[in-house]
Amino acid sequence: IPLIELLDISKTYGSSVEAVKNISLTIQKGEIFGIIGHSGAGKSTLLRCVNLLERPTSGSVKVGDVELTRLSTNQLQKERRRIGMIFQHFNLLSMATVRDNISFPLELAKMPRAAIKQRVDELLKLVGLDQHADKYPAQLSGGQKQRVGIARALANNPDVLLCDEATSALDPQTTNAILSLLMDINQKLGITILLITHEMHVIRSICDRVAVIDGGEIVEMGDVLDVFLKP
Ligand code: ADP
Ligand code: ADP
């Protein structure tokens, strides 16, 4: 079942930087899909087009049954709750505790206070941070910060998790721990994952399918085993 459908997406910055050129891509429900390419290839732009953090210059974005590119800002805000996102540099609020960082999207969604407490406790357990709820981001390791990012992204129970170079700032061992957490989230919670990376081993360790992007275009796409283990 298709969950994300990008149809003929282009994004031009200013009048001449064609970051993404006519990309069409369908991500199936339940898969871990990786987009790999060199720096400047257009990965980040393409990923940000999925939740419309970046407005495509042309083309349509459908998530589930909803065409996001047709929605008003208000309607879009709601639909975005079904799409979580994590970032290379975590993007945590430095003045807020771990608990408050994770609560934030639930407060925006107007969840009652007692329910927020319960949900955040559940999320802290899920990512293994139940002992660190009252710490501030500066008191955490990189891997722990990304765990907070993941908990925050999952707070509203999204269908999709978008990962923007989520392990690129982490050492190899921490990277592996985060990748295995992402696999768990995919398998146990059934959350579809779309990730971008410049690292082949990330694709090899967790992705089902991969697209190779270069110069804003998809140059190769298929099952990871077919694309990378060809003779
Ligand atoms: P990647 O994520 O693969 O490194 P990006 O999507 O960040 O690639 O960038 C693709 C191209 O678009 C690059 O040439 C980059 O300089 C350009 N670009 C990205 N964001 C902007 C922006 N906000 N304004 C202008 N150019 C941008
Ligand atoms: P990454 O490639 O790791 O995603 P970048 O360093 O390319 O990050 O970009 C960081 C930020 O700068 C992004 O918000 C991106 O949109 C913006 N950006 C990237 N390239 C340009 C550019 N040529 N002009 C203006 N903004 C840019």
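This text goes with the structure placed above it.
Heads up: these notes are all about the structure in this document. Note that the structure is predicted; figures quoted are calculated from it, not measured.

## Let's talk about the packing of helix α5 (residues 142–154) against helix α6 (residues 172–189)
Then comes step 1: Following both chains from N to C, one finds α5 and α6 inclined at 20°, their axes separated by 10 Å at the closest point. The orientation of α5 relative to α6 falls into the category roughly parallel. As α5 packs across α6, the resulting crossing turns out to be right-handed. Residues Gly-143, Gln-146, Arg-147, Ile-150 and Leu-154 of α5 touch α6, and the partners they reach there are Thr-174, Ala-177, Ile-178, Leu-181, Leu-182, Ile-185 and Leu-189.
Then comes step 2: The residue makeup of the contact of α5 with α6, split by class, is 8 nonpolar, 3 polar and 1 charged.

## Quick look at unusual backbone geometry
Then comes step 1: Positioned with a positive phi, Lys-110 is a non-glycine residue whose angle comes to about 65°.
Then comes step 2: Within the secondary structure, Lys-110 is located in the loop between α3 (98–108) and α4 (113–126).
Then comes step 3: Judged by relative accessible area, Lys-110 falls into the exposed class, the value being 73%.
Then comes step 4: In this structure, Asn-157 is a non-glycine residue whose phi angle is positive, near 60°.
Then comes step 5: Note on placement: Asn-157 falls in the loop between α5 and β7 (160–164).
Then comes step 6: By relative accessible area, which is 56% here, Asn-157 ends up exposed.

What counts and what doesn't
- Residues numbered from 1 in each chain as written.
- Chains lettered and ligands numbered in written order.
- Predicted model: local features only at pLDDT ≥ 70, side-chain atom pairs only at ≥ 80, totals over all residues.
- Heavy atoms only, no water.
- Axes fitted to C-alpha atoms, helices over the stretch in contact; angles between N-to-C directions.
- Helix = DSSP H or I, 4+ residues; strand = E, 2+ residues; numbered from the N terminus.
- Parallel < 35°, antiparallel > 145°, perpendicular 65-115°, else oblique.
- Left-handed = near helix turned anticlockwise from the far one by under 90°.
- Contact = heavy atoms within 4.5 Å.
- Nonpolar A, V, L, I, M, F, W, Y, C, P; charged D, E, K, R; others polar.
- Buried < 20%, exposed > 50% of the residue type's maximum accessible area, 1.4 Å probe, protein only.

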